[in-house]
Amino acid sequence: MQEGIGEVKIRIPRTISKGEIIRVQALIKHPMETGLREDKETKEKIPAHYIHDVSIYYGDTMITHCDWTIAISTDPLITFYLKADRSAPLKIIWKDNKGGVYQETVQINPQ
Amino acid sequence: MEQKRDDIVFSRRRFLKMAGTTCASLLITESLLSFPSSTSAAEEKFKKEVAEGENINDTLKRLFGSRKIEIANVDLKAPIIAENGAVIPITVISDLPMDKDNYVKKIYILVEGNLKPHIATIDLASVNGKAEFAMRIKMRKSSNVRAIVETNGGKLYGDIKPVKVTIGGCGGL
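A brief report on the enclosed structure follows. If you're wondering where the values come from, they're calculated on a predicted model, not measured in any experiment. (Residues numbered from 1 in each chain as written. Chains lettered and ligands numbered in written order. Predicted model: local features only at pLDDT ≥ 70, side-chain atom pairs only at ≥ 80, totals over all residues.)

Next up on the list: the nonpolar core. Ile107 and Ile137 of chain B are the most contacted members of the largest nonpolar core, which has 55 residues in total. Per element, the largest residue contribution to this core is six residues, and it comes from strand β5 (residues 104-111) of chain B. (Core = buried A, V, L, I, M, F, W, Y, C linked by C-beta atoms within 7 Å. Buried ≥ 20, exposed ≤ 12 C-beta atoms within 10 Å, placed from the backbone. Helix = DSSP H or I, 4+ residues; strand = E, 2+ residues; numbered from the N terminus.)

Quick look at the interface of chain B and chain A now. Accessible area lost during the coming together of the parts is what is often quoted as the interface size. Counting residues at the interface gives 26 residues for chain B, matched by 26 residues for chain A. Of all the secondary structure elements, the ones that give two or more residues to the side of chain B that touches chain A are β6 (118-123) and β7 (132-137) of chain B. The element contributing the most residues to the side of chain B that touches chain A is β7 of chain B, with six residues. Within the side of chain B that touches chain A, the residues separate by chemical class into 14 nonpolar, six polar and six charged. (Contact = placed C-beta atoms within 7 Å. Nonpolar A, V, L, I, M, F, W, Y, C, P; charged D, E, K, R; others polar.)

Position of Pro79 of chain B among the secondary structure elements: in the loop between β2 (74-77) and β3 (81-82). Beyond its immediate sequence surroundings of up to four residues, Pro79 of chain B is in contact with Ile88 and Val163 of chain B.

Below, the discussion takes up the pairing of strand β5 (residues 77-84) of chain A. Among the eight residues in β5 of chain A, six count as buried, and that is most of the element. Sheet topology places strand β2 (residues 20-28) of chain A next to β5 of chain A; eight bridges connect them, and they run antiparallel. When the sheet's bridge partners are listed, Arg23 of chain A is paired in β5 of chain A with Tyr81 of chain A. With two bridges connecting them, β5 of chain A and β7 of chain B associate as antiparallel partners. Its bridge partner being in β7 of chain B, Thr79 of chain A is matched across the sheet by Ala134 of chain B. (Pairing = 2+ DSSP bridges.)

This is the structure we're talking about:
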């Protein structure tokens, strides 16, 4: 098991003007195990462990949603855009196939 | 003059020697490769999985039926050569409008060389303000990557890019 699984980093611009389209980057630590790999020593298959669902909320509305399969890289990094037209929290929720749920919220405060 | 001839003879001799060694080593490697290895069971299973995997045309048919996909308005950015198939950054950019009434609803990412070509779907909303999304994907081998964009009106646009992978990304074989 990888250390620090579910550790999240979200990057937004330092200053946001109202109505600006901002770039948001979100990184989560996750092994994204495909289930096809095998342990080099024991020759046993490593069970699949990957994020299959990412939901992004701005305030109460879901703005972006990802349906993923095993073919997403380890420590998934996503970049998306957002029209910052009001002060609201930006919440990102990651769910994996083993029932793990990781979430992080940042406040969007346009000036 | 004499000296020169000697040189020629020597180089010819050396060439023959070298050629002989190369041929022999090639033969040895080949015979080694053809030996049944301990991974044959895994190989068998893998082949089965490949057989069960989906063909890109079947995937397209399953997702979009007979709807027409226009190659326009979408730009898929992907490396021409990827050194590591486990981490390939891709960016899908569309210049389609993102208004309340007219927006990009979905982005589909398909990798032709993967066992299951349809690897990701991204739902967008007009609040995004810009139809652009970037992430990092895994590819098993060199193949085409397709990005297909669906608008809320049900129109389909796409882009296709070949990516050469030097080391496969799904692990194992």
